[in-house]
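Overview (structure and organization)
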Amino acid sequence: LGYMMTDEDFAVLVPPTDLLINPESTWNEYVEQNILAYPKEEVETSPNFAARYEEIKALFAKADLAIGFSLNNDIRALRKDCERYGLPVIEFASFDTERLCRMMEEHKDAHGLGGYVQAWCGEEPDHRHRSDGDALATMMLFRAVCNAKHVTPEMMVLAYPECIGAQREHQKKKPQKGS
C-alpha cells in the first residue's frame, strides 16, 4: 500500500511510503516477473494485511480525503482483504483522479497514470508500479490539473462530485428486513 500525505497546498507532510503486505497467496508468474517492484522474498516476509490493518486504518482516519488513480480495484481489494481476515471495512472518502482526467477536455489521448502524468506534468513518473511512486505520481497529476485550472484542491473536488466515492458505497448492500 503506497501513500503520501500533503496539505491543501500540496506541501508534503508525509513523503511517499510503501507498506509491504504479504498477500499470503500464490504468485501469478506474469506479476512476479514484470510488475512486482520488490523481491518476492521481501514481500513474503512482510506482515500480512491483518497485521497491518490498524496502521492502514489509522492512515485513512488521518486523511480528509484519499486521492487516488483508478480507485475501484483498490477499494475492492481493500474491502475483500477486510472480509478475508474478518475485519471491519475501513470507511473513507475518496477522489478518483482518473475519472477527473477523463472528464477534462485536455489530453484525451492520454491513458494510464503514467500517460496522464506525462501529459499534464510533462515528465515521466518515477518508480512506476511501485505503490509509493504511484502515490507521488497521483499527487503530481492532481496538483497539475488544479494548477492548470487555477483552482484549489477543495474547489476541484467540489466541482467534480462524480469523482468522489466512499468505501462504504462499494460494499454489497444487504436487504433490510421487511423490504
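Residues numbered from 1 in each chain as written. Predicted model: local features only at pLDDT ≥ 70, side-chain atom pairs only at ≥ 80, totals over all residues. Heavy atoms only, no water.

Concerning the overall build of the chain
Going by this rule: Helix and strand definitions follow DSSP, with helices as H or I runs of at least four residues and strands as E runs of at least two, each counted in order from the N terminus. With the radius of gyration taken over C-alpha atoms, the globule rule is written as 2.2 Å times the number of residues to the power 0.38. Note on classification: 1.4 Å probe, protein chains only; a residue is buried when its accessible area is under 20% of the maximum for its type, exposed when over 50%, partly exposed between these limits. The contact definition used throughout considers only heavy atoms, calling two residues in contact when any of these lie within 4.5 Å. Per-residue and other accessible areas follow the Shrake-Rupley method at a 1.4 Å probe size, with only the shown protein chains counted as cover for residues. His is not counted, nor are the chain ends, whereas Lys and Arg count as positive and Asp and Glu as negative. Note on charges: their place is set at NZ of Lys, CZ of Arg, CG of Asp or CD of Glu.
Helices and strands together make up the secondary structure of the chain, namely 8 helices and 5 strands. The linear arrangement of helices and strands in the chain, starting from the amino end, is β-β-α-α-α-β-α-β-α-α-α-α-β. What you see for the chain is a C-alpha radius of gyration of 17 Å, in line with the 16 Å of a compact globule of 179 residues. Structurally, the chain occupies a C-alpha span of about 50 × 45 × 30 Å along its principal axes. With 179 residues in all, the chain has 35% of them scored as buried. Here the analysis covers contacts within the chain between residues at least 6 apart in sequence; of these, 65% occur between residues at least 24 apart. When the accessible surface of the chain is totalled, it reaches about 11000 Å², and 49% of it is carbon and sulfur. Put simply, the chain has 20 plus and 30 minus side-chain charges, and the middle of one group is 9 Å from the middle of the other.

Observations regarding the pairing of strand S4 (residues 93-96)
Note the threshold: For two strands to count as paired, DSSP must find a minimum of two bridges between them. The path from the first strand over the helix to the second decides the hand: if it runs clockwise while the strands point away from the viewer, the crossover is right-handed.
The sheet contact formed by strand S3 (residues 66-68) and S4 spans 3 bridges and is parallel. When the sheet's bridge partners are listed, Gly68 is paired in S4 with Asp96. As a crossover connection, the stretch from S3 through helix H4 (residues 71-84) into S4 is right-handed.

Here we look at the nonpolar core
In plain terms, the rule: By convention a nonpolar core is built from buried Ala, Val, Leu, Ile, Met, Phe, Trp, Tyr and Cys residues, the set being connected through side-chain atoms within 4.5 Å.
If you look at the biggest cluster of nonpolar residues, it comprises 24 residues, and the most contacted ones within it are Leu100, Trp120, Leu141, Phe142, Val145 and Met156. Mapped onto this core, the elements with two or more residues apiece are helix H5 (97-103), helix H6 (112-121), helix H7 (131-149) and helix H8 (153-159). Top element by residues in this core is H7. It accounts for 9 residues. If near-sequence neighbours (up to four positions away) are discounted, Met156 is found in contact with Phe95, Leu100, Met104, Phe142, Val145, Cys146, Lys149 and Val151.

Focus on the pattern of salt bridges
Pairs can form between side chains of opposite charge once their charged atoms are near each other. The test is simple: By convention in these notes, a salt bridge is any Lys or Arg side-chain nitrogen within 4 Å of a carboxyl oxygen on Asp or Glu.
Tallied over the full model, the rule gives 7 salt bridges. The shortest N-O distance in the salt bridge between Glu55 and Arg52 comes to 3.1 Å. Within this pair, Glu55 and its partner Arg52 are both found in helix H3 (residues 49-62), separated by 3 residues, close to a single helical turn. Residue classification places Glu55 among the partly exposed residues on the basis of a relative accessible area of 35%. Residue classification places Arg52 among the buried positions, given a relative accessible area of 16%. Salt-bridge contacts for Lys149 lead to Glu106; the nearest nitrogen and oxygen are separated by 2.7 Å. With Lys149 in helix H7 and Glu106 in the loop between H5 and H6, this residue pair connects regions lying 43 residues apart in the sequence. The class for Lys149 is partly exposed, based on a relative accessible area of 32%. Ionic contacts of the salt-bridge type, sharing partners, join the residues Asp18, Arg130 and Asp132 into one network.

Focus on H4
The test is simple: Helix span, expected: 1.5 Å multiplied by one less than the number of residues in the helix.
Spanning 14 residues, H4 covers 20 Å between terminal C-alpha atoms, matching the ideal 20 Å at 1.5 Å per step. Turning to H4, the residues buried within the fold contact H3, S3 and S4. Positive phi appears at Gly86, one or two residues downstream of H4, with a value of about 65 degrees.

A closer look at a nonpolar patch on the surface
The line we're drawing: Two distance rules govern patches: like charges are joined within 9 Å, and nonpolar side chains (Val, Leu, Ile, Met, Phe, Trp, Tyr) within 5 Å, applied only to residues with over 30% relative accessible area and no salt bridge.
A grouping of Tyr30, Val31 and Ile35 is seen on the molecular surface, where their side chains present a nonpolar patch of about 260 Å² in accessible area. Inspection of the secondary structure puts Tyr30 in helix H1 (residues 29-35).

Looking at the environment of Ile75
Within the secondary structure, Ile75 is located in helix H4. It is 9.7 Å that separates the C-alpha atoms of Ile75 and Ile90, two residues lying 15 residues apart in sequence.

The quantities given are spatial measurements derived from coordinates; they are silent on function.
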